[in-house]
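# Observations on the model geometry
Residue-level listing of the chains:
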Amino acid sequence: MSAETTSQTKNAASAPTSWAGRLRLIGPGIVLALASVGASDMITTMNSGAEYGLALIWVFTVGIILKFVLSEAVSRLQMSGDRSLISHLTRFGGRTFPVLFLIAELLVGLFFGAGVVAVTTTILQAIFPVLPFWPTAIVVLLSAAVLVGIGRYGIVEKAMMGFGIIMFFGILALAISVFQGQDAQAVAAETIVPTFPNTSIITVMSLIGGVGGATGILAYSFWIREKAWRTPDWKPVVRLDLVISYGLVFIFAVAMSAVGAFILYGQGFTIADNDALFAIADDLVGRIGETGRLVFLISFLAVVYTSVLGGFSGIAYVTADCLRVLRRYPHQDEPANEMSARSIEFRGVLVYLSIATLVIMSLGKPVTLVLVYAAISAFILPVLALALLVILNRSSVPAQLRNTKWSNVLLAVCLALFGFLAALQVKESVMGFIG
């Protein structure tokens, strides 16, 4: 057990019972929120606003609720015994889940860093044009690897919360600024009523699954372990933490939908990639001045860099624990084999992430591996939902942590929805191979 975890366990032997006491401890949920949204989520939500105004906010809301359900269930499983999430999952399939999640996370790690580090670097260049690309990219990469690699979760949490304040206040200020004027208010009045888009049900389901990531949901269990929230009496604290987490994700989705609606609605323009986001930043100069452009770019920077930090932390925890469990199964829960952010596995994963980032940024993404990655990673959420449905209904789980009737219903909805989306992704990957 790490020194930080030992210290936290001593200082947080029992959960606070007051709202004020619980609010003082929130943190993992903030990390989850910031790790779960990135540049692709900005594009998704702004495109929704550009095409439908504010009418599809309900779609993102449904998706956020389902991700909350999964995260809350994961946390209950985590608190049902003092062992890691991956170790818990060996109760349903032995080594199957560690192997599946290890493959998925290794593929996620292969491609994750290159995209977010490159975008972070490009944003910094847009703010400070004198910066060279490669030296700046290496500094961004090393800063994230070092912050996470120090092995103290509290440092990552504080850094994420600092960037999170910048991100959310910046996005809210931007949404309020672009709302000024009769055109924006007319768009809001015209599109505020929820509607079903005049496209296929598949499009709607894809939007529901679009905001928030699978790795963050898995990693949340490790972040609450680092806070020593390990027993059933911490359930109210965890739920409050998650409500705040997904509340922030909701604010992000609404604010970015509003920005897309008030700037682009009715123009037939959609955001195809990150370059289009920079074009929007330049367009803001004519609307709300150079300050608006800087607010957008700084908010964009905070969104993407917190994705780098949270993503590196989440991937490192999940991948390292899969390796630990597979190496030591069935003795992975012995005290000498405790999961630690200072373990060889954890730091080895960070080295892997750093090298993969530089290699993919230099050589590009191999199409075949991208298709395999997309197909395998799509199954993380439905497989997780199935495991939670089985394990959290067992009598061995403490009564206060077992699934309720509504938990079972909502997890079944998660299984059906994310399973359907996974099947679509497999079909798309197969067509990619054939094509």
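For the structure itself, look to the data block above.
The sections below set out a description of the structure shown in this document. (Residues numbered from 1 in each chain as written. Predicted model: local features only at pLDDT ≥ 70, side-chain atom pairs only at ≥ 80, totals over all residues. Heavy atoms only, no water.)

## Observations concerning unusual backbone geometry
- In the segment running from tyrosine 329 into proline 330, the intervening peptide bond is cis, with an omega of 5°.
- Of note, proline 330 is situated in the loop between helix 14 (274-328) and helix 15 (344-363). (Helix = DSSP H or I, 4+ residues; strand = E, 2+ residues; numbered from the N terminus.)

## Quick look at helix 7 (residues 96-127)
- With 32 residues, helix 7 extends 46 Å from end C-alpha to end C-alpha; this agrees with the ideal 46 Å at 1.5 Å per step.
- Maximum bend of helix 7: about 30°, positioned at phenylalanine 112. (Expected span 1.5 Å × (residues − 1). Bend = angle between axes of the 7 residues up to and from the residue.)

## A closer look at the packing of aromatic side chains
- Summed over all chains, the structure comprises twelve aromatic pairs.
- For the pair phenylalanine 222 and tyrosine 317, a centre-to-centre distance of 5.8 Å together with 20° between the ring planes defines the contact as stacked. Separated by 95 residues along the polypeptide, phenylalanine 222 in helix 12 (residues 214-226) and tyrosine 317 in helix 14 bring together distant segments of the chain. Note on accessibility: phenylalanine 222 and tyrosine 317 belong to one class, buried.
- Summarising the aromatic geometry, the rings of phenylalanine 278 and phenylalanine 300 are spaced 5.7 Å apart at their centres and angled 50° between planes, so their arrangement reads as tilted. (Phe/Tyr/Trp six-rings, centres within 6.5 Å; stacked < 30°, edge-to-face > 60°. Buried < 20%, exposed > 50% of the residue type's maximum accessible area, 1.4 Å probe, protein only.)

## Remarks on the environment of glycine 266
- Residue placement: glycine 266 occurs in the loop between helix 13 (235-264) and helix 14.
- In this structure glycine 266 comes out as exposed when scored by relative accessible area, which is 70%.
- Here the alpha-carbon distance between glycine 266 and leucine 353, two residues 87 residues apart in the chain, equals 41 Å.

## Digging into the pattern of salt bridges
- This structure, assessed with the given rule, holds 13 salt bridges.
- Among the salt bridges present, the one from arginine 83 reaches aspartate 333, with a minimum N-O distance of 2.8 Å. Highlighted residues: arginine 83 in the loop between helix 5 (57-79) and helix 6 (85-89) and aspartate 333 in the loop between helix 14 and helix 15, separated in sequence by 250 residues.
- Classification of aspartate 333 by relative accessible area gives partly exposed; the value is 35%.
- For arginine 293, the salt bridge is made with aspartate 282, and the minimal N-O distance between the two is 3.2 Å. (Salt bridge = Lys/Arg side-chain N within 4 Å of Asp/Glu carboxyl O.)

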